[in-house]
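Notes for the structure review
Take a look at the letters that make up each chain.
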Amino acid sequence: MRGLRCLDGSSLAVVPVASVDRGGNPFEVTLELRRDGDSFGSVGERCGYFLAGLAGRVAEARAESSPQATRWPDPDDRFPDPQHGGAAREPELFAFRYRDRGDLVSTGELRCALRTSSMWVGPQQSASGSWRVARRAVLDAWGAGGRGVRAVLTSSELAGFLAEVLAEAERAGAGYRDHHGR
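Right, let's walk through the structure included here.

Digging into helix α1 (residues 48-62)
- Helix length check: α1 (15 residues) gives 21 Å between terminal C-alpha atoms against 21 Å at 1.5 Å per residue, within 8%.
- Buried within α1 we find Gly48, Leu51, Ala52, Gly53, Leu54, Arg57, Val58 and Ala61.
- As for α1, its buried residues are in contact with β3 (26-35), α2 (67-71), β5 (92-96) and α3 (155-171).

So, the pattern of salt bridges
- The final tally for this structure, using the stated rule, is 12 salt bridges.
- Across the pair aspartate 76 and arginine 62 runs a salt bridge whose closest N-O atoms are separated by 3.3 Å. Taken together, the residues span a long stretch of sequence, with aspartate 76 in the loop between α2 and β5 and arginine 62 in helix α1 at a distance of 14 residues.
- Via salt bridges that share partners, Asp74, Asp77, Arg132 and Arg136 belong to a single interconnected network.

Section: the pairing of strand β8 (residues 148-153)
- Only one face of β8 is covered, namely the one carrying Val149, Ala151 and Leu153; the face carrying Gly148, Arg150 and Val152 has none of its residues buried.
- Examined bridge by bridge, strand β7 (residues 130-142) and β8 share 6 bridges and lie antiparallel to one another. Bridge assignment links alanine 141 to a residue of β8, and that residue is valine 149.
- Hairpin remark: β7 followed by β8, antiparallel, with 5 residues in the connecting loop; positive phi at glycine 146, about 90°.

Focus: the sheet that holds β7
- On the basis of which strands lie adjacent, the open sheet formed by 4 strands has the order β5-β6-β7-β8 and antiparallel pairing. The open sheet terminates on both sides in strands that have one partner only, identified here as β5 and β8. Taking each pair of neighbouring strands and ignoring which way they run, the sheet shows an average axis angle of 30°.
- As defined by bridge partners, strand β6 (residues 109-121) adjoins β7 across 13 bridges and the pair is classed as antiparallel. Opposite arginine 115, over in β7, you have arginine 136 as the bridge partner.
- Across the sheet, α3 is in contact with β5, β6, β7 and β8; its angle to β8 comes to roughly 115°.

Reading guide: rules and limits
- Residues numbered from 1 in each chain as written.
- Predicted model: local features only at pLDDT ≥ 70, side-chain atom pairs only at ≥ 80, totals over all residues.
- Heavy atoms only, no water.
- Helix = DSSP H or I, 4+ residues; strand = E, 2+ residues; numbered from the N terminus.
- Expected span 1.5 Å × (residues − 1).
- Buried < 20%, exposed > 50% of the residue type's maximum accessible area, 1.4 Å probe, protein only.
- Contact = heavy atoms within 4.5 Å.
- Salt bridge = Lys/Arg side-chain N within 4 Å of Asp/Glu carboxyl O.
- Pairing = 2+ DSSP bridges.
- Axes fitted to C-alpha atoms, helices over the stretch in contact; angles between N-to-C directions.

Structure follows, in structure tokens:
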């Protein structure tokens, strides 16, 4: 799996590892975090169905017919609204932490929140310009050693990332094709 390019120049790969039942059959995934090829942490026990649902919601939000399209003309700024209502300043799309209750908190964390930024486009201190408002998914990963990395993604990049993780999960034996995002 190719990695996400982080702001510090490192590469973060999120590799699905199959969870198996007593018979050895894969049924879900846990995410192994790798930074520049080295083990970084393990998070999100049984999170595949959640990621498949998020992938569906991101695709819906990016569509021209979505409610987000009227507020965000650029498809790369369109993300799903928070699933359980509320209007948080920086809505969280997901947060996965250590795998088991018995794991140390430092085992890892992977969190994705939406951030909105504004930039003036035009001559400075002039009325002949406008604000460019953009939304991005900010993905933060914390490794077992307490070090963190950050990647900033457009909705298109987030959709591609989720598709890649889900394709890897399917190759590991845990498929989510029949899951329609709810």
